[in-house]
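Spelled out from the first residue to the last, the chains are:
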Amino acid sequence: MLLMGEISIPSETGKKLNEVLKRGANNFDIMRLVASIAVIIGHSYAISPQPPYQDGVLKLLHFDYSGSLAIKFFFFLSGLLVTNSIIQISDPLNFMVKRALRIFPGLFVCLLIAVFIVGPIFTTLPLRSYFGSAETWKYLFKNSALLEIQWRLPGVFSESNLSINGSLWTLPYEVLCYLYLAIFYGLGLLKNKIISNLFFITVIAVSFIFPTYLPTFFSQNPESFLLPGCFAIGALFAINKSSININLTYFVLVWLLVLLSKNSVAYQFLFYIALFYSIVFISSLSFIINHVKVPFDASYGVYVYGFMIQQCINAVLPNIGVHMHQVISSVIAVLLGILSWHFVEKKFIKYGNTLARVNPLLFVKEKVASFKKVPSPILMARSNRYSGVILFLSLSIL
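What this report covers is the structure whose coordinates are included nearby. Note that this is a predicted model, so its numbers are computed, not measured.

### Overview of the overall build of the chain
- In terms of regular secondary structure, the chain is built from 18 helices and 4 strands.
- Taken across its 398 residues, the chain has 51% of its residues classed as buried.
- Contacts spanning at least 24 positions in sequence make up 74% of the contacts within the chain whose residues lie at least 6 apart.
- For the chain, the computed accessible surface area is about 19,700 Å², with 67% contributed by carbon and sulfur atoms.

In structure tokens:
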């Protein structure tokens, strides 16, 4: 290891990605938190503009801004972690249940706060008209299912051309990525490394080069073109985790490659690869793991509450300036994110883990595996049946 003060940097041999992905060997929580705050910073220039100030990342890169860059990182990290998770869980039904319990409870509480607290405070309508409007209840129930996002509550922030919570737009795309991954695994294709690599490389190529050939839901919105590609990059990392070195040498080389490709068509793609690799590398540093650790994962709460908080701040304090807007919004969002983590998200994550332990199918599989080396045909048939059900339901939704 190379030492710089208290920061221990992986040496030339470094670690393999599969070591970094082990519990306690990374600090992705702090990276997610920083990314969720970056989304707030990026949105502030649209919600509370103050010319001539503009997003610093946009000024530097010219092709992306801080909020969009953070979202791409979220999709990469999600692809990395959930692909690694489904490989370990080996059960697509259990995987989807745990993913649902990670996303929907926190989202539903956020929507309740929007409808019953933010809405009544900021609506220009009489409360009777507000609660009597079908749009109020559509906002709650349609957005809870993430099948079709409704952006407005009656009379709420009506003077703004932005919705009450613009951050919700990425959640259906994330859920869709989970569904495709579960289908892919349910078909048994993740068990073949060559097929898996070819599939995810194809997704990356289509996403970055031919985005209009993506499935309809992704190809209709230019903002979503690169999201499946970033998710697939993460999945590709997970599939090849035992072969990917995480060290200072590769960190330097990947950025050197970016600099050399500055004026080429591959520049943006290589930049994203370098950014994602760098965040994994920084997350694996012992200093970051041991001294920048936070006892919570508030990033999801910060993300889903951030935009709504920014709209509230702008409505109450419209002239405070973009930088003060960023500070106040970020502090409140982090506080709400911490509350959401401790009182909602953490409880449902534990509930999902409990469901996994008491899942009858998994229990029987484990018992049989402990007594037999050869899998039972009955269990294999049952497992295939569950995979078929998942495939049918997922395709029905799509």
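### Description of the nonpolar core
- Among the nonpolar cores identified, the biggest contains 104 residues, and L17, F73, F76, L80, I164 and F200 are the most heavily contacted of them.
- Here this core gets 12 residues from one element, more than from any other, and that element is helix α13 (residues 267-283).
- Beyond its immediate chain neighbours, meaning those up to four positions away, L80 contacts L17, L21, F28, G234, A235, F237, A238 and V280.

### Considerations on the packing of aromatic side chains
- Enumeration according to the criterion identifies 28 aromatic pairs in this entry.
- The interplanar angle of 80° and the centroid separation of 4.9 Å between the aromatic rings of Y130 and F131 together place this pair among those described as edge-to-face.
- Ring plane angle 20° and centroid distance 4.1 Å describe the contact between F184 and F199, whose orientation is recorded as stacked. Taken as a pair, F184 in helix α8 (residues 171-186) and F199 in helix α9 (residues 193-209) lie far apart in primary sequence, 15 residues in all.
- Classification of F184 as buried rests on a relative accessible area of 6%.
- Take F199: its relative accessible area is 36%, and that puts it in the partly exposed class.

### Side note on the packing of helix α4 (residues 66-89) against helix α5 (residues 92-122)
- With their axes 9 Å apart at the nearest point, α4 and α5 run at an angle of 135° to one another. By the angle class used here, α4 and α5 are oblique. You can see that α4 and α5 cross each other, and the crossing is right-handed. When α4 is examined against α5, the residues V82, I86 and I89 are found in contact with a partner set consisting of P92, N94, F95, K98 and R99.

### Some points on the layout of surface pockets
- Of the voids in this model, the largest pocket is the one considered here, and its volume is about 1,800 Å³.
- Among the secondary structure elements, those contributing two or more residues to the lining of the largest pocket are α2 (28-47), α4, α5, α8, α15 (299-316) and α16 (322-358).
- A total of 11 residues in the lining of the largest pocket trace back to one element, the largest contributor, which is α4.
- Along the lines of polarity and charge, the residues of the lining of the largest pocket split into 24 nonpolar, 13 polar and 13 charged.

### Some words on α5
- Between its first and last C-alpha, α5 extends 42 Å over 31 residues, near the 45 Å set by a 1.5 Å rise per residue.
- Approximately 35° is the largest bend angle found in α5, and it occurs at A114.
- In this structure D91 caps α5, since a side-chain oxygen of it lies 3.1 Å from the backbone nitrogen of L93.

### Let's talk about the pattern of salt bridges
- Evaluated as defined, the whole model comprises 7 salt bridges.
- When the shortest N-O distance is used, the salt bridge between R102 and D297 registers 3.6 Å. You can see R102 sitting in helix α5 and its partner D297 sitting in the loop between α14 (286-291) and α15, a full 195 residues away along the chain.
- Residue R102 is classed as buried on the basis of its relative accessible area of 13%.
- For K142, the salt bridge goes to E148, with nearest N and O atoms at 3.9 Å.

### Let's talk about the environment of F104
- With respect to the helices, strands and loops of the structure, F104 is situated in helix α5.
- Along the backbone, F104 and N143 are 39 residues apart, and their C-alpha atoms lie at a distance of 9.9 Å.
- In contact with F104, other than residues within four places in its own chain, are S144, A145, L146 and V175.

Each value, and the rule that gives it
- Within each chain, residue numbers correspond to sequence positions counted from 1 in written order.
- Thresholds applied to this predicted model are a pLDDT of at least 70 for local features of residues and 80 or more for the giving and counting of side-chain atom pairs; totals over whole chains, interfaces and linings are not thresholded and use all residues.
- Only heavy atoms go into the side-chain values, all of them from the structure, while hydrogens and water stay out.
- Helix and strand assignments come from DSSP, with helices taken as H or I runs of at least 4 residues and strands as E runs of at least 2, each series counted from the N terminus.
- Residue burial is assigned from relative accessible area. The probe radius is 1.4 Å, only protein chains are included, and a residue is buried under 20% of its type maximum, exposed over 50%, and partly exposed in between.
- Contacts are residue-level and defined by heavy atoms, with any inter-residue pair within 4.5 Å sufficient.
- Using a 1.4 Å probe, the Shrake-Rupley method yields the accessible areas, and only the shown protein chains count as cover for residues.
- To define a nonpolar core, start from buried Ala, Val, Leu, Ile, Met, Phe, Trp, Tyr and Cys residues and group those joined through side-chain atoms within 4.5 Å.
- Two rings from Phe, Tyr or Trp (for Trp, the six-membered ring) form a pair when their centres sit within 6.5 Å of each other. Planes less than 30 degrees apart are called stacked, planes more than 60 degrees apart edge-to-face, and all others tilted.
- Under this scheme, a helix contributes an axis fitted over its contacting stretch, all axes are lines through C-alpha atoms, and angles between N-to-C directions fall in the 0 to 180 degree range.
- Angular relationships are summarised with four words: roughly parallel below 35 degrees, roughly antiparallel beyond 145, roughly perpendicular across 65 to 115, and oblique for the angles in between.
- Crossing handedness: left-handed means the near helix sits turned counterclockwise from the far one by under a right angle, and right-handed means the same turn made clockwise.
- Lining residues are defined by having an atom within 4 Å of a point belonging to a cavity or pocket. Those points lie on a 1 Å grid over the protein atoms alone, cavities being sets where a 1.4 Å probe fits but cannot get out and pockets being open sets with protein on both sides within 12 Å along at least five of seven lines.
- Grid points are joined across faces, edges and corners, and a volume is the space filled by probe spheres set on the points.
- When residues are grouped by polarity, Ala, Val, Leu, Ile, Met, Phe, Trp, Tyr, Cys and Pro land in nonpolar, Asp, Glu, Lys and Arg in charged, and all others, Gly among them, in polar.
- In a helix, the anticipated span is given by 1.5 Å times the number of residues less one.
- Each residue is assigned a bend, namely the angle between axes fitted to the seven residues that terminate at it and the seven residues that start at it.
- Contacts described as polar in this section are N or O atom pairs within 3.5 Å, which, within protein, must combine one atom able to donate a hydrogen with one able to accept it, while residues neighboring in sequence count only if both atoms come from side chains.
- Definition used for salt bridges: Asp or Glu carboxyl oxygen within 4 Å of a side-chain nitrogen of Lys or Arg.

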